[in-house]
Protein chains: 2
Amino acid sequence: MNESKTLQQAFNESVYPVGGHGKRSVNVLLEAFEGINGDTESDIYGNGPLIEEFQTEMASYLGKPSAVFFPSGTMAQQIALRIWSDRSGKTKVAYHPLCHLEIHEQNGLRELHRLEPVLLADKSRLITLQDVEAMPDGISCLLLELPQREIGGQLPDYGELEAIAAYCRSKGIKLHLDGARLFEVLPYYGKSAAEVCAFFDSVYVSFYKGIGGIAGAILAGDTDFTDESKIWKRRHGGDLIGLYPYIIPAAHYFRQRLPKMEQYYEDAIRLAAMYNGCTGAATRPAVPVSNMFHVHLDVSKETAESAIRGIIRETGVGLTHNINAVSEQSCSYEISLGDRYRLVPEDKLREAFRLLDDELRKAKE
Amino acid sequence: MNESKTLQQAFNESVYPVGGHGKRSVNVLLEAFEGINGDTESDIYGNGPLIEEFQTEMASYLGKPSAVFFPSGTMAQQIALRIWSDRSGKTKVAYHPLCHLEIHEQNGLRELHRLEPVLLADKSRLITLQDVEAMPDGISCLLLELPQREIGGQLPDYGELEAIAAYCRSKGIKLHLDGARLFEVLPYYGKSAAEVCAFFDSVYVSFYKGIGGIAGAILAGDTDFTDESKIWKRRHGGDLIGLYPYIIPAAHYFRQRLPKMEQYYEDAIRLAAMYNGCTGAATRPAVPVSNMFHVHLDVSKETAESAIRGIIRETGVGLTHNINAVSEQSCSYEISLGDRYRLVPEDKLREAFRLLDDELRKAKE
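Residues numbered from 1 in each chain as written. Chains lettered and ligands numbered in written order. Predicted model: local features only at pLDDT ≥ 70, side-chain atom pairs only at ≥ 80, totals over all residues. Heavy atoms only, no water.

### Structural notes on the UniProt feature "domain: Aromatic amino acid beta-eliminating lyase/threonine aldolase" (unreviewed entry) in chain A
Using the residue numbers shown here, the UniProt feature "domain: Aromatic amino acid beta-eliminating lyase/threonine aldolase" (unreviewed entry) corresponds to residues 42-296 of chain A. Span residues 42-296 of chain A is 45% helix and 18% strand, its end C-alpha atoms 46 Å apart. (UniProt positions renumbered as here; feature names shortened; annotations may be inferred. Helix = DSSP H or I, 4+ residues; strand = E, 2+ residues; numbered from the N terminus.)

Here you go:
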């Protein structure tokens, strides 16, 4: 725990942090509000041009009739599943065992909505068409996360996605997209957001992952669905008198960074190849399909932390801020690329990977 | 509906709006962030100095061991009632028929938490000690709103409040404070916030009523209670990665306006007296006990709107932006005073009331 803090601190002080867009500081807000007219009126409880225009813009981008801005994806997704469940009269919903709702929301879906999750696949792999076909009866909605973050940001083939969607439609099972990182996978699929979203009855996207806003989410779908979601937003306590402190940054960084998703994706491929060139290092996926991947090292968490701290000292390159132990002799961490990657000088990066390779070799001997 | 829009518009364009602090525009945010160092780190999922320091400050001000910042009071209050209900194993909670949870939250308490409200008193008056003593068995928590907004911002005597609290304590019933406008009643009670809050097991206060922030709330109580509330905050989708866009304005305007609550209260007394000097006009309460009161006029909503619009045209004074029909020949509206009141020139205000009196007289003839 203490060691990890020290790595976090070393990373925070590193000259060339490799991942992310930048520090989560007040500057993120100040930059987004630069040039905004102070007389611009707040949205008021979900109404007003400021929120309505952004919702319209996002609905159009996602190819859905309607969209609603939420303070969080946690709120938006529970609500989507509740609506589909209420409409079908079925209380079961299906998702991956490492779904955000299962591991990061303190059981909100069960405690607030009394829904019963059915876990598909296992923790090591994606949900397949076979898993979906084998689902028990009584499921109102299947949630798919694209990409599946907790296994390194993996994606089903586009054809498999199509087949899953067709199967669900034929069975009257609603399909919901956890698109927390949807923007990030579009370059790999080579599809528009609207093309991907067309497979889904409801779609959630986030504005503080690849987009780098402060917080906030969009939930999109048919108008009767989004209208109902506004009632639940009020019930959850998310229908704030003013959400503009999140909407203005969401809109600002969406415009700024959406065109850079291809760059982040290409950078991730390149960086993953450098990891895979090191002794006892491997990325998951081997070739990234978005701006993210996981790094697995065949050394203990402690050895890895010490190596990464040493690399920061020698080169200024901050490869990661946090490492998770997998076993006594293996560990992993998540890489998520943004604007900062291209600020790392080429020679410093090479030197960092030469040092990492050395350390991993030494540990093997 | 159309008429009301016109009044809203006329009010928006009035030179001397009487109520509130100012327009809900982006300037509210910009002013609060002026002078904030851009390198200040965001709070992260409820942690970090920015949120923790404000929570500590508010806990201390409210005289409670601990406090948690929430995006909304809707979220904070449902959670408080849920915790008290879970702990007692009782699913009934008691509150006023015009409680925020009953009329403004789309039944969230029932739909999300399966709690069963027991309504005390009736819509025309405050909850009394007698009402509390007559409560049925099986109630986990009583919620009191100070002041009771929907009946003009009325307050129980301090002695009655004390007696209600003593009764609840003796029966093992938790007492929760809906203090959306707590700051505003302290001058009338002549007590500190901590003195009033000492009667209550849990306390909610808001930062966008009298304080004039953007949004946000504090829920305070014992540490085991607030710790549990954080779990529910995550479940509700309110544990945002960064709440600082609300916290910084809350802290800013709290410091700026808390010392002015006495002024707003005195201004309300003075303005109410001017209303009560008009033919066919009366305020509720007759003498305000906070910065707010309701105005009741013995004319139709349409007549009143036409009079108020005329007054705006002739004097520039915007008495209200919204009028509710009570019957065919009576209507009412809410007044809530803030910084703008003292910007209205004395002679303009007198002229406005002379005109209002004229119009009300004419309508009577």
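### Here we look at the packing of aromatic side chains
By the definition in use, this model includes 35 aromatic pairs over all chains. Plain terms: the ring middles of Tyr275(A) and Phe293(A) are 6.0 Å apart, the flat faces sit at 70 degrees to each other, and that makes the pair edge-to-face. You can see Tyr275(A) sitting in helix α13 (residues 261-276) and its partner Phe293(A) sitting in strand β10 (residues 292-297), a full 18 residues away along the chain. Comparing Tyr275(A) with Phe293(A) shows no difference in burial state: the two are buried. One cation-aromatic arrangement involves Lys209(A) over Tyr208(A); the distance from NZ or CZ to the ring centre is 4.0 Å. Geometry around Trp232(B) places Arg235(B) over its ring, the cationic atom sitting 4.3 Å from the centre. (Phe/Tyr/Trp six-rings, centres within 6.5 Å; stacked < 30°, edge-to-face > 60°. Buried < 20%, exposed > 50% of the residue type's maximum accessible area, 1.4 Å probe, protein only. Lys NZ or Arg CZ within 6 Å of the ring centre and 35° of its normal.)

### Side note on helix α4 (residues 73-88) of chain B
An α-helical segment advances 3.6 residues per turn. Residues three or four places apart therefore align on the same side. Residue and element names in this part refer to chain B. The end-to-end C-alpha distance of α4 is 23 Å, a good match for the 22 Å that 16 residues give at a rise of 1.5 Å each. The element α4 is largely enclosed, with a buried count of 13 among its 16 residues. The N-capping residue of α4, defined by a side-chain oxygen 3.2 Å from the backbone nitrogen of Met75, is Ser72. Just downstream of α4 lies Gly89, where phi reads positive at about 70 degrees. (Expected span 1.5 Å × (residues − 1). Polar contact = N/O pair within 3.5 Å; in protein donor to acceptor, adjacent residues only side chain to side chain.)

### A look at the sheet that holds strand β2 (residues 66-70) of chain B
Residue and element names in this part refer to chain B. Strand order in the open sheet made by the seven strands is β2-β8-β7-β6-β5-β3-β4, with mixed pairing throughout. With one partner strand each, in any of the chains shown, β2 and β4 (116-119) form the two edges of the open sheet. Each neighbouring strand pair of the sheet contributes to a mean axis angle of 20 degrees, computed without reference to strand direction. Sheet topology places β2 next to strand β8 (residues 217-221); five bridges connect them, and they run antiparallel. Bridge pairing in β8 places Phe70 opposite Ala217. Running over the sheet, α4 touches β2, β3 (92-95), β5 (139-145), β6 (174-179), β7 (202-206) and β8 and is turned about 150 degrees from β5. (Pairing = 2+ DSSP bridges. Axes fitted to C-alpha atoms, helices over the stretch in contact; angles between N-to-C directions. Contact = heavy atoms within 4.5 Å.)

### Considerations on the pairing of β10(A)
Residues and elements named next belong to chain A. Of all six residues that make up β10, five are buried, and the element is covered over most of its length. By the bridge criterion, four bridges tie strand β9 (residues 281-284) to β10 in an arrangement that is antiparallel. Looking at β10, one finds that Thr283 is bridged to Val295. Relative to strand β13 (residues 330-336), β10 runs antiparallel, the two being bridged by six bridges. Note that in β13 the partner of Met292 across the bridge is Ser336.

### What about the interface of chain B and chain A?
Residue-level contacts link 49 residues of chain B with 49 residues of chain A. Buried area between chain B and chain A, both sides added, is near 4000 Å², and the carbon and sulfur share of it is 61%. On the chain B side of the contact with chain A, Val26(B), Leu112(B) and Arg235(B) bury the most area, a combined 16% of that side's loss. Summed over the shared surface of chain B and chain A, the result is two salt bridges. Between Glu111(B) and Arg82(A) there is a salt bridge, and its shortest N-O distance comes to 3.7 Å. The interface formed by chain B and chain A includes 29 residue pairs in polar contact (both at pLDDT 80 or more). Secondary structure elements with two or more residues in the side of chain B that touches chain A: α2 (27-33), α4, α6 (108-113), α11 (223-236) and α12 (244-257) of chain B. Of the residues contributing to the side of chain B that touches chain A, the split by class is 23 nonpolar, 17 polar and nine charged. (Buried area = accessible area lost by both parts, 1.4 Å probe. Salt bridge = Lys/Arg side-chain N within 4 Å of Asp/Glu carboxyl O. Nonpolar A, V, L, I, M, F, W, Y, C, P; charged D, E, K, R; others polar.)

### Points about the sheet that holds strand β3 (residues 92-95) of chain A
Residues and elements named next belong to chain A. The strand order across the open sheet built from seven strands is β2-β8-β7-β6-β5-β3-β4, with neighbouring strands paired in mixed fashion. The sheet is open, and its two borders are formed by β2 (66-70) and β4 (116-119), each paired with just one other strand. Here the strands of the sheet are splayed against their neighbours by 20 degrees on average, with no regard to which way each runs. Strand direction decides the pairing type here: strand β6 (residues 174-179) and strand β7 (residues 202-206), joined by four bridges, are parallel.

### Here we look at the domain arrangement of chain A
Residues and elements named next belong to chain A. Domains assigned within chain A are domain 1 (2-22 + 260-364) and domain 2 (43-241). Distance between the C-alpha centres of domain 1 and domain 2: 30 Å. The interface is formed by 14 residues belonging to domain 1 together with 19 residues belonging to domain 2. For the pairing of domain 1 and domain 2, the buried interface totals around 1300 Å² over both sides, and the portion due to carbon and sulfur atoms is 61%. Taken as a group, Met261, Arg284 and Val289 account for 43% of the area that domain 1 buries against domain 2, more than any other trio of residues on that side. Taken together, the connections running from domain 1 to domain 2 amount to one salt bridge. For Arg149, the salt bridge is made with Glu334, and the minimal N-O distance between the two is 2.9 Å. Here domain 1 and domain 2 share three residue pairs in polar contact (both at pLDDT 80 or more) between them. If you list the elements that add at least two residues to the side of domain 1 that touches domain 2, you get α13 and β10. Element by element, the count of residues in the side of domain 1 that touches domain 2 is highest for α13, at four residues. (Domains from an automatic or database assignment.)

### Some points on the nonpolar core
Leu142(A), Phe207(A) and Phe207(B) are the most contacted members of the largest nonpolar core, which totals 132 residues. Excluding residues within four positions of it along the chain, Phe207(B) makes contact with Phe54(B), Met58(B), Phe69(B), Phe183(B), Gly212(B), Gly213(B), Ile214(B), Gly216(B), Ala217(B), Ile218(B), Ala250(B) and Phe254(B). Core analysis: the next-biggest nonpolar cluster, separate from the first, contains 48 residues, Met75(A), Ala80(A), Ala180(B) and Leu219(B) among them. (Core = buried A, V, L, I, M, F, W, Y, C linked by side-chain atoms within 4.5 Å.)

### Some details on the relation of the copies chain B and chain A
Placing chain B over chain A gives an RMSD of 0.1 Å and needs a rotation angle of 180 degrees, together with 0.0 Å of translation along the axis. The symmetry that links the two subunits is that of a two-fold axis. Rotation axis and chain B: the residue whose C-alpha lies nearest the axis is Leu112(B), separated from it by 2.5 Å. Interface residue correspondence from chain B to chain A reaches 100%, placing this contact among same-surface, isologous pairings. (Least-squares fit on C-alpha atoms with pLDDT ≥ 70 in both.)

### What to know about helix α9 (residues 182-189) of chain A
With respect to burial, α9(A) is a largely interior element, seven of its eight residues being buried. One or two positions beyond α9(A), positive phi appears at Gly190(A), with a value near 65 degrees.

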